[in-house]
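The residues making up each chain are set out below.
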Number of protein chains: 2
Amino acid sequence: MTAHEFDLLDRTWSDITPPAARRMLVAAAAAFAGRGYHATTTRDIAAQAGMSPAAVYIHYRSKEDLLFQISRIGHTASLDVLTSAATSAATPATTPAAGSAASLTSPEPDPAARMAAAVSAFASWHAEHHTTARVVQYELNALTPEHFAEVVVLRRRIEDTVRRMIEDGVAAGVFHVLDARGATLAVLSLCIDVARWYQPGGRRSPADIGALYADLVLRMLGT
Amino acid sequence: MTAHEFDLLDRTWSDITPPAARRMLVAAAAAFAGRGYHATTTRDIAAQAGMSPAAVYIHYRSKEDLLFQISRIGHTASLDVLTSAATSAATPATTPAAGSAASLTSPEPDPAARMAAAVSAFASWHAEHHTTARVVQYELNALTPEHFAEVVVLRRRIEDTVRRMIEDGVAAGVFHVLDARGATLAVLSLCIDVARWYQPGGRRSPADIGALYADLVLRMLGT
DNA sequence: GTCTATATCTTGATAGAC
DNA sequence: GTCTATCAAGATATAGAC
């Protein structure tokens, strides 16, 4: 893990206190993403956080609790990124300095611009935060049933947000798809799977991926 | 696991002999897909195959060897499905009864029809064989470096197959994409991720998913 | 809050009888 | 080829000193 990657990971958890608890979450997220939840030991996590094996249980009830916190915070962060992008793109008038032609001629929400912004932000989040995203997307079945139920609520909100954007676009005559639920599935799937294949040293930056996917999704939606 | 699912899983491994070795692979694939490689014990596998814990080591060198066989055979099967679909769609003249207008007027390979057939087959394979596919796609980092290298060869062939289909379509003026590698990434990603979200009792059958995705991909490629 | 030491259990894999 | 029995290592989590 490079220093830059570590910074990014750490920034995601900047609200967590005390520092020892935060260091543990950061270490756990990196280990769970790299080797998987079950392949990671509490000793690994403690060692990476610079503490003894027993120190884990000062701040967390169990190894699974550590996973749940990462999953809960990660799901919330990705939902925030998605809704923020969709909202700010829908109301360009609220950003005074951005006096583009579009904001002057079209103060109404533009479904295509909103979708492009949402997909770009959501896809690039899964690249930029691929460590957290992998835990979020691929360790769901290691959660207890109660904890799983809690993150499913957040996942449904993410899905609903995308589905409504598509349905709005269809209603406005901007998108042309017969199966809005199917398109929702595909859009989300495309963005989420970025967490699987993205590699930091690769050909494309997170921003590149966001731009590429925004374009491909608008084509898929028949704009 | 329903009886139908078990049949499908078993058919994938019908070449494996003796029967005890096959039962073990089937049990391992189901367990690895359901709980993950590291969460599965050799005792789980043996019990599901109706044998003692020690019986695993009669037919396989280690737990990882079991994973490797599943991964190798699964990768090969998905590559075969992809190339078969692309090949048979490219030469409709070889299927005499299918006297469609397209095959009469255009004996040349049709990039769009070929891509549609390939995506439909590859995506629906990941649904139909989601158990195997999950092991193939999500347990790569549990393989030894040597075994990992071996499946990477197969993965590259899958990627090359799709990239060439897209490049051929662009050259023929049928597809309109600026970034062929980016489009390849997205097409493969979309199909592979089916293994993650697909559920047998869900709204869409594997065939439905194949048809939906073939359509969405052709739109993405600007036909 | 953090440590050392350890209890308790489960794991992958092997030995040797049949 | 398959079993029973078992080893040696490593797992999560806790106890109790500081």
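Residue numbering note: each chain is counted from 1, following its sequence as written. Lettering of chains starts at A and numbering of ligands starts at 1, both following the order in which they are written. The predicted nature of this model means local features are confined to residues of pLDDT at least 70 and side-chain atom pairs, given and counted, to a pLDDT of 80 or more, with totals for whole chains, interfaces and linings taken over all residues. Heavy atoms from the whole structure form the basis of all side-chain values; hydrogens and water molecules are not counted.

**A word on the relation of the copies chain A and chain B**
The condition that has to hold: What sets the superposition is a least-squares fit of C-alpha atoms, and only residues with pLDDT of at least 70 in both copies go into it.
Mapping chain A onto chain B calls for a rotation angle of 180 degrees and an axial translation of 0.0 Å; the resulting RMSD is 0.0 Å. Classification of the inter-copy transformation places it as that of a two-fold axis.

**Thoughts on the packing of helix α9 (residues 145-171) of chain A against helix α10 (residues 180-192) of chain A**
Residues and elements named next belong to chain A. Here is the rule: Think of each axis as a best-fit line through the C-alpha atoms, taken over the contacting stretch in the case of a helix, with angles from 0 to 180 degrees between the N-to-C directions. For the purposes of this entry, the term helix denotes a DSSP run of H or I that reaches at least four residues, the term strand denotes a run of E that reaches at least two, and both are numbered from the N terminus. In this scheme, roughly parallel covers angles under 35 degrees and roughly antiparallel covers those over 145, while 65 to 115 is roughly perpendicular and the rest are oblique. The crossing is said to be left-handed when, going from far helix to near helix, the turn is anticlockwise and less than a right angle, and right-handed when the turn is clockwise. Here, residues are in contact when the closest pair of their heavy atoms is within 4.5 Å.
Interaxial distance between α9 and α10 falls to 9 Å at its minimum, and their mutual angle equals 125 degrees. Judged on the interaxial angle alone, α10 and α9 are oblique. Considering how the two elements wind past one another, α9 and α10 form a crossing that is right-handed. Facing α9, whose interface residues are R155, I158, E159, V162, R163, I166 and E167, α10 presents A180, R181, A183, T184, V187, L188 and I192.

**A look at the packing of aromatic side chains**
The condition is simple: Only Phe, Tyr and Trp rings are paired, with Trp represented by its six-membered ring, and only when their centres lie within 6.5 Å; those with planes under 30 degrees apart are stacked, over 60 edge-to-face, the remainder tilted. Exposed residues in this analysis have more than 50% of their type's maximum accessible area, buried residues have under 20%, and partly exposed residues fall in between, with area computed by a 1.4 Å probe over protein chains only. Our definition puts a charge over a ring when NZ of Lys or CZ of Arg is within 6 Å of the ring centre and also within 35 degrees of the ring normal.
Tallied over the full model, the rule gives 3 aromatic pairs over all chains. Ring centres of A:F32 and A:Y37 lie 5.1 Å apart, and the angle between their planes is 65 degrees; this geometry places the pair in the edge-to-face category. Taking relative accessible area as the criterion, A:Y37 reaches 8% and is therefore assigned buried. Ring geometry for A:Y138 against B:Y138: centres 5.1 Å apart, planes inclined by 35 degrees, an arrangement best described as tilted. Of this pair, A:Y138 sits in helix α8 (residues 130-138) while B:Y138 is found in helix α8 (residues 130-138), placing the two residues in two different chains. Looking at A:K63, its charged tip hangs above the ring of A:Y37, at a distance of 4.5 Å from the centre.

**Here we look at the protein's contact with DNA strand C**
Filter applied, for reference: A cutoff of 4 Å decides nearness: a residue is near a molecule or strand if any of its heavy atoms lies inside that distance of it. In protein, a polar contact means a hydrogen-donor-capable atom and an acceptor-capable atom, both N or O and within 3.5 Å, with residues adjacent in sequence counting only if both atoms are side-chain atoms; elsewhere, any N or O pair within 3.5 Å suffices. Each residue gets one label: Ala, Val, Leu, Ile, Met, Phe, Trp, Tyr, Cys and Pro are nonpolar, Asp, Glu, Lys and Arg are charged, and the others, such as Gly, are polar.
What surrounds DNA strand C is a group of 15 residues, the closest being A:S52, A:H59, B:T41, B:T42 and B:Y57. By atom count, sugar and phosphate contribute 56% of the portion of DNA strand C lying within 4 Å of the protein. Side-chain polar atom of A:H59 to a phosphate oxygen of DNA strand C: 2.8 Å apart, as the coordinates give it. Taking B:T40, its main chain carries an N or O atom lying 3.3 Å from a phosphate oxygen of DNA strand C. Breaking the surface near DNA strand C down by element, the ones donating at least two residues are α4 (56-59) of chain A together with α3 (42-48) of chain B. In the surface near DNA strand C, the residues fall into 7 nonpolar, 6 polar and 2 charged.

**Looking at the protein's contact with DNA strand D**
For DNA strand D, the set of nearby residues contains 16 residues, the closest of which are A:T41, A:R43, A:Y57, B:S52 and B:H59. Considering the 4 Å shell around the protein, atoms of DNA strand D inside it are sugar or phosphate in 59% of instances. B:S52 places a polar main-chain atom, nitrogen or oxygen, 2.9 Å from a phosphate oxygen of DNA strand D. When residues of the surface near DNA strand D are traced back to their parent elements, those giving at least two are α3 (42-48) of chain A together with α4 (56-59) of chain B.

**Observations regarding the UniProt feature "DNA-binding region" (unreviewed entry) in chain A**
Selection rule: UniProt positions are given in the numbering used here, feature names are shortened, and annotations may be inferred rather than shown by experiment.
The sites that UniProt annotates as "DNA-binding region" (unreviewed entry) are residues 41-60 of chain A. Secondary structure within residues 41-60 of chain A divides into 55% helix and 0% strand; the distance between the first and last C-alpha atoms comes to 14 Å.

**Observations regarding the interface of chain A and chain B**
Quick note on the threshold: Each of two parts loses accessible area, computed with a 1.4 Å probe, when they are put together; buried area is these two losses added. A pair is scored as a salt bridge if a Lys or Arg side-chain nitrogen falls within 4 Å of a carboxyl oxygen belonging to Asp or Glu.
Contacts between the two partners involve 30 residues from chain A, matched on the other side by 30 residues from chain B. With both chains or domains summed, chain A and chain B bury close to 2600 Å², and 55% of this area falls on carbon and sulfur atoms. A per-residue breakdown of the area chain A buries against chain B is headed by A:R196, A:R219 and A:M220, which together make up 22% of the total. Between A:D179 and B:R204 there is a salt bridge, with its nearest N and O atoms 2.7 Å apart. In this assembly, chain A and chain B are joined by 10 residue pairs in polar contact (both at pLDDT 80 or more). Of all elements in the fold, only α2 (19-35), α8, α10, α11 (194-197) and α12 (206-220) of chain A reach the threshold of two or more residues within the side of chain A that touches chain B.

**Concerning the pattern of salt bridges**
Residue and element names in this part refer to chain A. Going through the model one piece at a time under the given rule, you end up with 14 salt bridges over all chains. Here D168 makes a salt bridge to R114, at a shortest N to O gap of 3.1 Å. Of this pair, D168 sits in helix α9 while R114 sits in helix α7 (residues 111-128), and the two are 54 residues apart along the sequence. Judged by its relative accessible area of 39%, D168 falls in the partly exposed class. Through salt bridges with shared partners, one network takes in D160, R163 and E167.

**What to know about the environment of A:S52**
Residue and element names in this part refer to chain A. Within the secondary structure, S52 sits in the loop between α3 and α4. In this structure S52 comes out as partly exposed when scored by relative accessible area, which is 40%. On a C-alpha basis, the gap between S52 and T42 in space is 9.6 Å, while along the polypeptide they are 10 residues apart.

**Side note on the environment of B:L178**
Along the polypeptide, B:L178 turns up in the loop between α9 (145-171) and α10 (180-192). Here the alpha-carbon distance between B:L178 and B:L221, two residues 43 residues apart in the chain, equals 9.6 Å.

**Quick word on unusual backbone geometry**
A cis geometry characterises the amide bond from A:T17 onward to A:P18, with omega recorded as -5 degrees. Position of A:P18 relative to the elements: it lies in the loop between α1 (3-12) and α2.

**What to know about helix α12 (residues 206-220) of chain B**
Worth spelling out the cut-off: In this scheme, a helix's expected span is set at 1.5 Å multiplied by one less than its residue total.
The terminal C-alpha atoms of α12(B), which comprises 15 residues, lie 21 Å apart, in line with the 21 Å expected from a rise of 1.5 Å per residue. Along α12(B), the residues that are buried comprise B:P206, B:I209, B:G210, B:L212, B:Y213, B:A214, B:L216, B:V217, B:L218 and B:M220. Where the residues of α12(B) are buried, they touch α10 and α12 of chain A together with α7 (111-128), α10 and α11 (194-197) of chain B. Looking at the residues trailing α12(B), positive phi occurs at B:G222, about 70 degrees.

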